[in-house]
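# Commentary on secondary and tertiary structure
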Amino acid sequence: MMNFTKLAVISALFGMAMSGLGVSNALADGMHKSIMVENAWTRARGATAKVAGAFMTLHNTAKEDDRFISASSSIADRVEIHTTKMTDGVMKMIQVKEGVIVKAGKHVEFKPGSYHVMFLGLKGKLAEGTTFPVTLTFEKSGNIEVTVAVKSAGAMGNMSHGKDMMKQDAMKKHDSMEMKKKQ
Ligand SMILES: [Cu+2]
């Protein structure tokens, strides 16, 4: 039979495992929330940078679908949901105005070359090793506070193969394109 000490050890281990995975505040702060945000990160940016894209995995632990509809953060004037599409052999970034559905019991990955949370009009630099907050708004789950970790400027996430390397280049091009547009 399992005694209290064993249970405490198990829950402590569970907590450690979860923090090791980079599970954000969403889980710790609100167990009632059915959306869980995992491993939110972005790349370091200098003081003159105007845009940044953040990546993360959205899990829907509920029995009904939910929709990621918008985001906001004190670090940028505007936050948009973007995706990347290949059109006539050219990678283009598109704002996803209708939001992103996260199906019941499923997850959606925001990653380089695909969905990302786009910060436009950065108010300052993003230093490697720091974190910043972003609020994700869901149709059913409401607002979820997420902590984004700033990785190195060349961070690739979990990608390693050639196809994704290509997407990564496209992402960088998109970033500089956005910057030109803003100037
Ligand atoms: Cu973008």
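It should be noted that the structure appears before, not after, this text.
Structure report, in brief. These numbers were taken from a predicted model, which means no experiment stands behind them. (Residues numbered from 1 in each chain as written. Predicted model: local features only at pLDDT ≥ 70, side-chain atom pairs only at ≥ 80, totals over all residues. Heavy atoms only, no water.)

### Describing the side chain of Thr84
To be explicit about the condition: Each helix is a run of H or I in the DSSP string that is no shorter than four residues. Each strand is a run of E no shorter than two, and both are numbered from the N terminus. Under this definition, polar contacts are N or O atom pairs within 3.5 Å; protein pairs additionally need one hydrogen-donor-capable and one acceptor-capable atom, and for neighbouring residues in sequence, both atoms have to be side-chain atoms. For this analysis, residues touch if any pair of their heavy atoms sits within 4.5 Å.
Residue placement: Thr84 occurs in strand E4 (residues 76–87). Looking at Thr84, its side chain comes within polar contact range of the main-chain oxygen of Ser114, at 3.2 Å. Among all residues touching Thr84, those that are not within four sequence positions of it are Met91, Lys92, Met93, Gly113, Ser114 and His116.

### Description of the packing of aromatic side chains
For clarity, the threshold we go by: By convention, a stacked pair of Phe, Tyr or Trp rings (six-membered ring in the case of Trp) has centres within 6.5 Å and planes under 30 degrees apart, an edge-to-face pair has planes over 60 apart, and any other such pair is tilted. Classification of residues uses two cut-offs on accessible area relative to the type maximum, computed with a 1.4 Å probe and protein chains only: under 20% is buried, over 50% is exposed, and between them is partly exposed. Two thresholds decide whether a charge sits over a ring: the Lys NZ or Arg CZ must be within 6 Å of the ring centre and within 35 degrees of the ring normal.
Scanning the model with the defined rule gives five aromatic pairs in all. With a centroid separation of 5.2 Å and 25° between ring planes, the pair formed by Phe110 and Tyr115 is classed as stacked. When the ring of Phe119 is compared with that of Phe132, the centres are 5.4 Å apart and the planes differ by 90°; the resulting orientation is edge-to-face. One end of the pair, Phe119, is in strand E8 (residues 116–122); the other, Phe132, is in strand E9 (residues 131–138), and 13 residues separate them in sequence. On the accessibility criterion, Phe132 (5% relative accessible area) is buried. Taking NZ or CZ as reference, Lys151 lies 4.9 Å from the ring centre of Trp41, over its face.

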